[in-house]
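One letter stands for each residue in the lines below.
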Amino acid sequence: MKNEQDRPEKHVEAVVVEAVVVGAGFAGMYLVHRLASSGRTVRCFEAGSDVGGTWYWNRYPGARCDVDSMEYSYDFDDELQQEWEWTERYATQPEILRYAQHVADRFDLRRHITFHTRVERSVFDETLLRWTVTTDAGEVLTSRFVIMATGCLSSTNLPDIEGLDTFSGPLVHTGRWPHDGVDFAGKRVGIVGTGSSGIQAIPVIAQTAAHVTVFQRTAQFTIPAQNCPLDPEEQAAIKAEYGAFRERNRRMPGAFGDRYQRPAPNAVGLSPEAFHEEMEFLWQQGGPMFLSGFRDLMRNPAANQLAADFVRGKIAEIVHNPVVADRLTPTGMIGCKRLVVDTDYYATYNRPNVTLVDVSEHGQPITRITATGLQAGETHYEFDVLIFATGFDAMTGSLLRVDLRGRGGESLAETWAAGPVTYLGLGVTGFPNLFMVTGPGSPSVLANMIIATEQHVDWIMDCIHYMDSEGHAVIEAERHAVDDWVAHVNSVAGRTIFPSCSSWYLGANIPGKPRVFMPLPGFPAYVDRCQQIAANAYEGFRFESLIPTAS
Ligand code: FAD
Ligand code: NAP
């Protein structure tokens, strides 16, 4: 286990709690562990009834990670990573949830966490230099720090379609899946949405349902996961050098996939045969490293089109009915929206019990939900179960659902009216002693998120130790640093194809949301910058050393 620095002698006076952590997913759990094990008082609030966050809520059939299990797991404690045995290349949701629960038990985290409770409001008191935090249970706390571990993909997006509340059967969102499951046997099922969640769920549900009708607005590129049982020998070999393995992955652009790295030439200029051979290899290898085989795919639209054409060719090969294949074939660039990883997705459309309906503006848009189904264009479709796999108000949704008020009573919603602005994705001007984990402006959703989370939590903890050792009461991002950082994020993203399509990375999936590219591509450079800033006495942050007295 990483050594906790001893608590310095000089520290701010005790307050009701030193830190309130909002959310008990992987970010909140690690925060609670670090804060509590360094002797600080911490209260964590979690809306759900247990730990796990994403993996607590997303219990839909087929849910699993698409970063290898050996990498999509905590690395802060070597005993933990040595003792836990993953069973598949990509762990299922139940297995990841069991892992989260194991971590909570092992580090005795639950005693710091209040479940079934939402943080509704948090107001900074400029006199006391503390936050007043209010929960939906009516509890009010005073805290020196508030740390938002509220998740980037935790506020579900249920489209505002007329008649939503009139459907007489079960109507479920993949991100709020019922804990006692949904019985599909012999049922007619409608599914709206073909992003990662829908694409994972559809093939599994189709195995038991009488009929599945998929309502697709935009066709997606998806790559086979090639999931398989984890070879015990391979697992043992990784564990034998887990530290070095983790370190190599941390130096990867997305903090994962080192062992799949191959020499990456430019696609443009390569012979068609050599290009095709490499693409075929990557397709058979499976998973999100598909786009890393060539250096220029995410930067050069012409290169990207070559890879997109390869996948389009695969769809035509796999799907028997050419009309359905055509409907499933995406236009535009591959990887511009979050690349999807699947098991048997395209082949599922060869089943007689699966129908694909185009609900784009060129097809039959959904106009309303009825008691018995859904109206799309001229057709009324009847169902027993209706599923929305329509995604999330990503990255900012859960932050803005809390009424956060900083200096002068200004809300985060006001500060971010034109889109999120942060320094390092960790701090916001006007919101002292408020940290975000994997916030907008950090690599976040473009990285292996458990590793990104650990990096943020470690940075925050180092910062708090530093503040105590220097006698600082308050830290706040300086406006010029925020402005420069936002310009930096836009500049880095602008050198990629990412900002060129309507993705949730840009907020384009939520009507009225400002279009700002939110995550920062490139994990290693970001980590280096964070370390440099910490080494330079947290340049870009401003401290106040006035130590207030407890009220
Ligand atoms: P979360 O797990 O989202 O936890 C946040 C918690 O905060 C939630 O439990 C929520 O209830 C709680 N909360 C929010 N607001 C409040 C409030 N106001 N009061 C109290 N509680 C609150 N990432 C990868 O890197 N690899 C993957 O393969 C991968 N697969 C994914 C699959 C799915 C289906 C989804 C939805 C996401 C996936 N992700 C993946 C992203 C995933 O969200 C992160 O990997 C990680 O689990 C995030 O952890 P977190 O603790 O930051 O947030
Ligand atoms: P998503 O990628 O945002 O996909 C939502 C889908 O719903 C899209 O197909 C979208 O169509 C459609 N949609 C939204 N509103 C609609 C409407 N009004 N009418 C018709 N269709 C509508 O959401 P997600 O699939 O839940 O995935 C979100 C993210 O979670 C992923 O990108 C990934 O980061 C993570 N995730 C990962 C995995 C994994 O494999 N590890 C699994 C699930 C989720 P448009 O494209 O036209 O907007």
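These figures come from a predicted structure and were not determined experimentally.

For the rest of this paragraph, the subject is the overall build of the protein. On a plain count of helices and strands, the protein comes out with 16 helices and 20 strands. If you line up the protein on its principal axes, its C-alpha atoms span 70 × 55 × 45 Å. Looking at the protein as a whole, 57% of its 551 residues qualify as buried. Accessible surface, the protein: about 21,800 Å² in total, of which carbon and sulfur atoms supply 51%. Of the charged side chains in the protein, 46 are positive and 67 negative; the average position of the first set lies 2 Å away from that of the second.

This part is about empty space enclosed by the protein. Evaluation of the coordinates by the stated rule reveals eight cavities of 30 Å³ or more. As a volume, the largest cavity reaches approximately 90 Å³. The wall of the largest cavity is formed by Pro420, Val421, Thr422, Pro440, Gly441, Trp485, Val486, Val489, Asn490, Val516, Phe517 and Met518.

This part covers the site of ligand 2. The full set close to ligand 2 counts 22 residues, and Thr194, Ser197, Arg217, Thr218 and Lys337 are the nearest of them. Take arginine 64: an N or O atom from its main chain is 3.3 Å from a nitrogen atom of ligand 2. For ligand 2, an oxygen atom lies 2.9 Å from a polar atom in the side chain of tryptophan 504. Bound to the protein, ligand 2 loses 88% of the 910 Å² it would expose on its own. Among the elements that make up the shell around ligand 2, the one with the highest residue count is helix α5 (residues 196-206) (three residues).

Let us now look at the sheet that holds strand β12 (residues 354-358). Here five strands make up an open sheet; going across it, the order is β7-β16-β8-β9-β12 and the pairing parallel. Two strands close off the open sheet at either side, each with one partner strand: β7 (171-173) and β12. Each neighbouring strand pair of the sheet contributes to a mean axis angle of 20°, computed without reference to strand direction. Sheet topology places strand β8 (residues 188-192) next to strand β16 (residues 385-388); four bridges connect them, and they run parallel. If you follow isoleucine 191 over to β16, its bridge partner there is isoleucine 387.

This paragraph deals with the confidence of the model for the protein. In this model, the protein carries an average pLDDT of 95, and 96% of its residues clear a pLDDT of 70 or more. Here residues 1-15 is modelled with pLDDT under 50, and outside its nearest four sequence neighbours on either side it reaches 41 contacts, counting other chains as well.

Since there are 3.6 residues in each turn of an α-helix, residues three or four apart along the chain are aligned in direction. Look at helix α14 (residues 449-470): 31 Å from first C-alpha to last across 22 residues, which is about the 32 Å you get at 1.5 Å a residue. Taking burial as the measure, the 22 residues of α14 include 17 buried ones, the bulk of the element. Once α14 ends, the next one or two residues include glycine 471, with phi positive near 75°.

What follows is about the pattern of salt bridges. When the charged atoms of two side chains with opposite charge come close together, those side chains can pair. Summed over the entire model, instances satisfying the criterion amount to 37 salt bridges. In this structure, arginine 144 engages glutamate 18 in a salt bridge whose closest nitrogen and oxygen atoms are separated by 3.5 Å. Of this pair, arginine 144 sits in strand β6 (residues 140-148) while glutamate 18 sits in strand β1 (residues 17-22), and the two are 126 residues apart along the sequence. Here arginine 144 and glutamate 18 have matching classes, each one buried.

Here we take up the domain arrangement of the protein. The domain boundaries assigned to the protein delineate domain 1 (15-155 + 394-545) and domain 2 (164-231 + 254-388). Of the residues lining the interface, 36 residues belong to domain 1; the matching set on domain 2 comes to 40 residues. Summed over both partners, the interface of domain 1 with domain 2 comes to about 3,300 Å²; 55% of that surface belongs to carbon and sulfur atoms. Among the salt bridges present, the one from aspartate 66 reaches arginine 338, with a minimum N-O distance of 2.5 Å. Here the side of domain 1 that touches domain 2 is composed, by residue class, of 18 nonpolar, ten polar and eight charged.

All right, on to the site of ligand 1 then. Residues in contact with ligand 1 amount to 32 residues; listed here are only the nearest, Glu46, Thr54, Asp66, Tyr72 and Met449. Tyrosine 72 is positioned such that a nitrogen or oxygen atom in its side chain is 2.5 Å from an oxygen atom of ligand 1. Backbone polar atom of methionine 449 to an oxygen atom of ligand 1: 2.7 Å apart, as the coordinates give it. Coverage of ligand 1 by the protein amounts to 96% of the 980 Å² it exposes when considered alone. For the shell around ligand 1, the secondary-structure elements that each account for two or more residues are α1 (26-37) and α2 (54-57). Looking at which element gives the most residues to the shell around ligand 1, the answer is α2, with three residues. Of the residues in the shell around ligand 1, the class split is 18 nonpolar, eleven polar and three charged.

With that out of the way, let us pick up the packing of α14 against helix α16 (residues 523-535). Taken N-terminus to C-terminus, the directions of α14 and α16 make an angle of 5°; their axes are 11 Å apart at the nearest point. Between α14 and α16, the crossing angle belongs to the class labelled roughly parallel. Of the residues in α16, those touching α14 at Ile451, Ala452, Gln455, His456 and Trp459 are Phe523, Tyr526, Val527, Cys530, Ile533 and Ala534. Among the residues making up the contact of α14 with α16, the classes are represented as nine nonpolar, two polar and no charged.

This next bit is on the environment of arginine 176. Relative to the elements of secondary structure, arginine 176 occurs in the loop between β7 and β8. Here the alpha-carbon distance between arginine 176 and serine 155, two residues 21 residues apart in the chain, equals 9.6 Å. Apart from the residues within four sequence positions on either side, arginine 176 is in contact with Trp57, Ser154 and Thr156.

Conventions adopted
Residues numbered from 1 in each chain as written. Chains lettered and ligands numbered in written order. Predicted model: local features only at pLDDT ≥ 70, side-chain atom pairs only at ≥ 80, totals over all residues. Heavy atoms only, no water. Helix = DSSP H or I, 4+ residues; strand = E, 2+ residues; numbered from the N terminus. Buried < 20%, exposed > 50% of the residue type's maximum accessible area, 1.4 Å probe, protein only. Areas by Shrake-Rupley, 256 points an atom, 1.4 Å probe, with all protein chains shown as cover. Lys, Arg positive; Asp, Glu negative; His and termini not counted. Charge placed at Lys NZ, Arg CZ, Asp CG, Glu CD. 1 Å grid on protein atoms, 1.4 Å probe; cavity = no way out; pocket = protein on both sides within 12 Å on 5 of 7 lines; lining within 4 Å. Points joined across faces, edges and corners; volume = space filled by probe spheres on them. Near = heavy atom within 4 Å. Polar contact = N/O pair within 3.5 Å; in protein donor to acceptor, adjacent residues only side chain to side chain. Pairing = 2+ DSSP bridges. Axes fitted to C-alpha atoms, helices over the stretch in contact; angles between N-to-C directions. pLDDT = per-residue confidence, 0-100. Contact = heavy atoms within 4.5 Å. Expected span 1.5 Å × (residues − 1). Salt bridge = Lys/Arg side-chain N within 4 Å of Asp/Glu carboxyl O. Domains from an automatic or database assignment. Buried area = accessible area lost by both parts, 1.4 Å probe. Nonpolar A, V, L, I, M, F, W, Y, C, P; charged D, E, K, R; others polar. Parallel < 35°, antiparallel > 145°, perpendicular 65-115°, else oblique.

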